[in-house]
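Read off the chains here:
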Amino acid sequence: MPRPRVIVFDAMGVLYRYGDVQGRVLIPYLRVQGCGRSEAEIRAAYRSVTLGRITTGQFWAVAGLPEEGRDADYCQEHRLAEGALEALAELAGDGLELACLSNDTAVWSALVRRRFGLERHIRRWFISSDLRARKPDAAAYRAALSALGAVPEEVVFVDDRPGNLAPARSLGMRTILFHSDDTAAHPEPAAERDPYRSVRTMPELVAAIRSAPMDGRRPSGDGG
């Protein structure tokens, strides 16, 4: 297999600390702000806004909160994953093209990534509200591949949910599981399991990418 040319990262749980963004970031923020909507209502509105069906302003209206300054205030709650900037700098320095495929809103994604300076290394951002498709919908992966002009075999896809890796593998991409706070809560059904490399830290991720080409088999000594 050819060596990788493009690395596509998930955002929440890989670039940012929390994979369970609704449970660890959004819902706690809403509760502090006085939102009384049920969790089911919040999650339904979140799905709609990340699919581009409603605007962020409409999302805050559903939550019963004033819109002015709300996007920027909420985005202050996100935290960068430990070692993320250093890892991105190393991989970009290796001549790899870096991209991100994220279930998010275009507004929130832009605010958070600019806050942390991620655009200096990641030039291409594929956000579900723009794509009108959320992972693991294969349409999201196909849209990213098409825009990148990449052959799937040249792409390594990194995500913290095993179920999000399966469509990437089915399209021919190589995959790495990055363990987050959310990984264990979303195990891949046994019938759909396929070998993949797994890592728990950014240095391990850089090492796994640099050791490519990868053929899908677990390397000896892989503890994931």
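Residues numbered from 1 in each chain as written. Predicted model: local features only at pLDDT ≥ 70, side-chain atom pairs only at ≥ 80, totals over all residues. Heavy atoms only, no water.

(A) Spatial organisation of the layout of surface pockets. Estimates place the volume of the largest pocket at around 250 Å³. Along the wall of the largest pocket there are 18 residues; nearest its centre are Gly-19, Val-21, Asn-103, Arg-134 and Arg-161. For the lining of the largest pocket, the secondary-structure elements that each account for two or more residues are α1 (21-32) and α2 (39-50). Partitioning the lining of the largest pocket into residue classes produces 3 nonpolar, 6 polar and 9 charged. (1 Å grid on protein atoms, 1.4 Å probe; cavity = no way out; pocket = protein on both sides within 12 Å on 5 of 7 lines; lining within 4 Å. Points joined across faces, edges and corners; volume = space filled by probe spheres on them. Helix = DSSP H or I, 4+ residues; strand = E, 2+ residues; numbered from the N terminus. Nonpolar A, V, L, I, M, F, W, Y, C, P; charged D, E, K, R; others polar.)

(B) Representation of helix α8 (residues 138-148). For α8, every residue scored as buried is listed here: Ala-140, Tyr-141, Ala-144, Leu-145 and Leu-148. End-on, the buried residues of α8 take up no more than an arc of 130 degrees, which puts them together on one face. Buried residues belonging to α8 abut β1 (6-9), β2 (97-102), β3 (124-127), α7 (128-131), β4 (155-159) and α9 (162-170). (Buried < 20%, exposed > 50% of the residue type's maximum accessible area, 1.4 Å probe, protein only. Arc of directions from axis to C-beta. Contact = heavy atoms within 4.5 Å.)

(C) Structural view of the state of the cysteines. Counting across every chain of the model gives 0 disulfides. Here Cys-100 is not disulfide-linked; the sulfur of Cys-75 is the nearest cysteine sulfur, at 14 Å. (Disulfide = S-S within 2.5 Å.)

(D) Just the pairing of strand β5 (residues 174-178), in detail. Of all 5 residues in β5, 5 are buried, a share of seventy percent or more. What you see with β5 is no split at all: Arg-174, Ile-176 and Phe-178 on one side and Thr-175 and Leu-177 on the other are buried throughout. Note: β4 against β5, 4 bridges, orientation parallel. The residue of β5 that forms the bridge with Val-158 is Ile-176. You can see the chain leave β4, run along α9 and come back into β5, and the turn it takes is right-handed. Here 3 bridges tie β5 to strand β6 (residues 197-199), and the two strands are oriented parallel to one another. Note on β6: the bridge partner recorded for Leu-177 is Ser-198. (Pairing = 2+ DSSP bridges. Right-handed = clockwise from strand over helix to strand, strands pointing away.)

(E) Spatial organisation of helix α10 (residues 202-210). Taken as a whole, α10 has its buried residues at Met-202, Leu-205, Val-206, Ala-208 and Ile-209. In an axial view of α10, the angular spread of the buried residues amounts to 160 degrees, which keeps them on one side of the axis. Contacts made by the buried residues of α10 are with β1, α5 (84-93), β4, β5 and β6. For α10, the capping residue at the N-terminal end is Thr-201, with a side-chain oxygen 3.2 Å from the backbone nitrogen of Glu-204. (Polar contact = N/O pair within 3.5 Å; in protein donor to acceptor, adjacent residues only side chain to side chain.)

(F) Region of the structure containing the sheet that holds β1. With respect to topology, 6 strands assemble into an open sheet ordered β3-β2-β1-β4-β5-β6, the strand pairing being parallel. Edge strands, defined here as strands with exactly one partner in the open sheet, are β3 and β6. The mean inter-strand angle of the sheet, taken between neighbouring strand axes irrespective of direction, is 20 degrees. (Axes fitted to C-alpha atoms, helices over the stretch in contact; angles between N-to-C directions.)

(G) Representation of unusual backbone geometry in the model. Residues Lys-135 and Pro-136 are joined by a peptide bond in cis, for which omega reads 10 degrees. Relative to the helices and strands, Pro-136 resides in the loop between α7 and α8. The backbone phi angle of Arg-132 is positive, close to 60 degrees, even though this residue is not glycine.

(H) Inspection of the confidence of the model for the protein at higher detail. Across the protein, the average pLDDT comes to 91, with 90% of residues at or above 70. With pLDDT under 50 throughout, residues 191-195 is counted as low confidence; its partners more than four residues away or in other chains account for 5 contacts. Note on residues 214-224: pLDDT under 50 across the span, and 18 contacts to partners over four residues away in sequence or across chains. (pLDDT = per-residue confidence, 0-100.)

(I) Examining the packing of aromatic side chains more closely. Following the criterion strictly, the structure yields 9 aromatic pairs and no others. An angle of 65 degrees between the planes, with centres 5.9 Å apart, marks the rings of Trp-60 and Tyr-74 as edge-to-face. Pair noted here: Trp-60 is in helix α3 (residues 56-62) and Tyr-74 is in helix α4 (residues 70-75), with a separation of 14 residues, a long-range link. Like Tyr-74, Trp-60 is buried. On the basis of an interplanar angle of 70 degrees and a centroid distance of 5.4 Å, the ring pair of Tyr-141 and Phe-157 is categorised as edge-to-face. Highlighted residues: Tyr-141 in helix α8 and Phe-157 in strand β4, separated in sequence by 16 residues. Grouping residues by exposure puts Tyr-141 and Phe-157 together as buried. Taken together, the ring pairs in this structure connect Tyr-29, Phe-59, Trp-60, Tyr-74 and Trp-108 into an aromatic cluster. (Phe/Tyr/Trp six-rings, centres within 6.5 Å; stacked < 30°, edge-to-face > 60°.)

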